[in-house]
Amino acid sequence: MMPPDNLQEAATRYVSLGLSLVEIPHGSKAPKTREWQKKSISDLEKAKAVWSTPRNIGLDHAHSGTCCLDPDDVPHTYEVFEAIGLPLDDYLNADTPKIKGAKGIKPVFKMPKGITLETKKLAWPHHEDGKPKKVKTIFELRGAGGQDVLPPSLHPEGIYYQWVDAYPESYNDFLELPLELLNLWQKWDFYLPIMQSVSPHFKVPNVDRKVKREALTIIQQFNESIDLVSLLEGYG
């Protein structure tokens, strides 16, 4: 099936897949509508009306039952995932629909049923010429409360978002969130000090080399022994 070449066609096709959409100004990445999380669009006729004029399309994860891994700073994301013993390439190359924007590839997954995953963000101070510049986002696990811009929306830098490999033809094209990423999401506070310690500019209290080695050992043992059924049962 050929991808749609206009926003209205794309929006109606997404709704037909069972996705809930967010109206975003054309050429922008963020919704401007107040409390947009309560105003997502899943009705076909309403989608036709809203996107009868050029507007970007956002995927409302909470109401679509989806989530996304967004490596904003790809090199540092690789370092972080290596530090916590997770294979980033496996997720970026997963056989699930993936969005290509200005900075790279974002795989989109289905949220496990019965679990609400709020968006998590890893960020740390960004330095230029040895001086603090600003806080820089490294990666996000984007879920409930978050959205991702869908193709063929227009990026602020003037490029168009695209699907990598193929346009999703069914909701089942989206794979369920990999178990290791579910574990990272659910155990975020446990992993956070190790992830922050990768930054050369982030001072993490009480994380010396011995503690870090011990934590990594626990992470590796947990990752190797984790069982999907027991994990899901543990979270209802």
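In case you missed it, the structure is sitting above this.
Cut-offs and rules
Residues numbered from 1 in each chain as written. Predicted model: local features only at pLDDT ≥ 70, side-chain atom pairs only at ≥ 80, totals over all residues. Heavy atoms only, no water. Helix = DSSP H or I, 4+ residues; strand = E, 2+ residues; numbered from the N terminus. Buried < 20%, exposed > 50% of the residue type's maximum accessible area, 1.4 Å probe, protein only. Contact = heavy atoms within 4.5 Å. Areas by Shrake-Rupley, 256 points an atom, 1.4 Å probe, with all protein chains shown as cover. Phe/Tyr/Trp six-rings, centres within 6.5 Å; stacked < 30°, edge-to-face > 60°. Salt bridge = Lys/Arg side-chain N within 4 Å of Asp/Glu carboxyl O. Polar contact = N/O pair within 3.5 Å; in protein donor to acceptor, adjacent residues only side chain to side chain. Axes fitted to C-alpha atoms, helices over the stretch in contact; angles between N-to-C directions. Parallel < 35°, antiparallel > 145°, perpendicular 65-115°, else oblique. Nonpolar A, V, L, I, M, F, W, Y, C, P; charged D, E, K, R; others polar. Pairing = 2+ DSSP bridges. Core = buried A, V, L, I, M, F, W, Y, C linked by side-chain atoms within 4.5 Å.

Colleague: What am I meant to see in the overall build of the chain here?
Modeller: Counting its regular elements, the chain contains nine helices and nine strands. Here the chain holds 236 residues, and 45% of them are scored as buried. Long-range contacts, defined as pairs at least 24 residues apart, comprise 71% of the intrachain contacts of the chain with a sequence gap of at least 6. Accessible surface computed for the chain: about 12500 Å², of which carbon and sulfur atoms make up 49%.

Colleague: How should the environment of L7 be read in this particular structure?
Modeller: As for its placement among the helices and strands, L7 is situated in helix α1 (residues 7–16). The exposure class assigned to L7 is buried, which follows from its relative accessible area of 11%. Distance in space between the C-alpha atoms of L7 and S153 is 7.0 Å, their sequence separation being 146 residues. Beyond its immediate sequence surroundings of up to four residues, L7 is in contact with H26, W51, P54, R55, I57, P152 and S153.

Colleague: Just checking my understanding: could you explain the packing of aromatic side chains for this structure?
Modeller: The description of an aromatic ring pair rests on the distance of the ring centres and on the angle between the ring planes. Under the defined criterion, the tally for this structure stands at eight aromatic pairs. Centroid distance F139 to W188: 5.8 Å. Interplanar angle 65°. Geometry classified as edge-to-face. Linking F139 in strand β7 (residues 131–142) with W188 in helix α7 (residues 188–196), this pair joins segments that are 49 residues apart in sequence. Judged by centre distance (6.1 Å) and plane angle (55°), the rings of Y171 and F174 are tilted.

Colleague: Would you take a moment to explain the pattern of salt bridges for this structure?
Modeller: Two side chains with opposite charge may pair up if their charged atoms get near one another. Following the criterion strictly, the structure yields 11 salt bridges and no others. Note that E23 and R55 form a salt bridge whose closest N and O atoms lie 3.3 Å from each other. With a gap of 32 residues between them, E23 in strand β1 (residues 21–25) and R55 in strand β2 (residues 55–60) connect regions that are remote in the sequence. Taking the relative accessible area as the measure of exposure, E23 reaches 29% and is therefore partly exposed. The partly exposed category is assigned to R55, whose relative accessible area is 26%. Among the ionic pairs, D73 bridges to K136, the shortest N-O distance being 2.9 Å. Of this pair, D73 sits in the loop between β3 (66–71) and α4 (74–83) while K136 sits in strand β7; the two residues are 63 residues apart in sequence, bridging distant segments of the chain. What makes K136 partly exposed here is its relative accessible area of 28%. Three or more residues are tied together by salt bridges with common partners; here these are D70, K106, E140, R142 and D148.

Colleague: Just checking my understanding: could you explain unusual backbone geometry for this structure?
Modeller: Working note: non-glycine residues mostly have negative phi, and peptide bonds are mostly trans. Omega for the peptide link from P151 to P152 comes to 0°, which places this bond in the cis form. Mapped onto the secondary structure, P152 falls in the loop between β8 (147–150) and β9 (162–164).

Colleague: Would you mind going over the side chain of R142 with me for this structure?
Modeller: Tracing the backbone through its elements, the reader meets R142 in strand β7. For R142, the side chain forms a polar contact with the side chain of D70, separated by 2.7 Å.

Colleague: Mind showing me how you'd approach the packing of helix α6 (residues 179–186) against α7 here?
Modeller: In a pair of packed helices, the angle between the axes and the distance between the axes together describe the arrangement. Contact geometry of α6 with α7 gives a least axis separation of 6 Å together with a crossing angle of 90°. Between α6 and α7, the crossing angle belongs to the class labelled roughly perpendicular. On α7, the residues that touch N183, L184, W185 and Q186 of α6 are W188, Y191 and M195. Taken together, the residues of the contact of α6 with α7 break down into five nonpolar, two polar and no charged.

Colleague: Any chance you could explain the sheet that holds β1 here in plain terms?
Modeller: In sheet architecture, strand pairing relies on hydrogen bonds along the backbone and comes in two forms, parallel and antiparallel. Read from one edge to the other, the open sheet built from three strands follows the order β1-β2-β8, with strand pairing classed as antiparallel. Of all the strands in the sheet, just β1 and β8 have a single pairing partner and so form its edges. When strand polarity is set aside, the average angle formed by the axes of neighbouring strands in this sheet is 40°. Pairing of β1 with β2, which is carried by five bridges, proceeds in the antiparallel orientation. Bridge pairing in β2 places L21 opposite L59.

Colleague: Even after reading the chapter, I still don't get α6, so can you show me in this structure?
Modeller: The periodicity of an α-helix, 3.6 residues per turn, causes residues three or four positions apart to be oriented the same way. Of all the eight residues making up α6, six are buried; the element is thus mostly covered by neighbouring parts of the structure. Turning to α6, its buried residues are L179, L181, L182, N183, L184 and W185.

Colleague: Whenever I open this one, the nonpolar core confuses me. Can you help?
Modeller: The nonpolar side chains of a soluble globular protein tend to be buried, and buried together. L69, V80, F81, F139, L184 and M195 are the most contacted members of the largest nonpolar core, which totals 31 residues. Secondary-structure elements contributing two or more residues to this core are β3, α4, α5 (88–92), β6 (120–128), β7, α6 and α7. Once residues within four sequence positions are removed from consideration, V80 is found in contact with L122, W124, I138, F139, M195 and V198. I41, V108, Y161 and W163 belong to the second-largest nonpolar core, a separate cluster that totals 26 residues.

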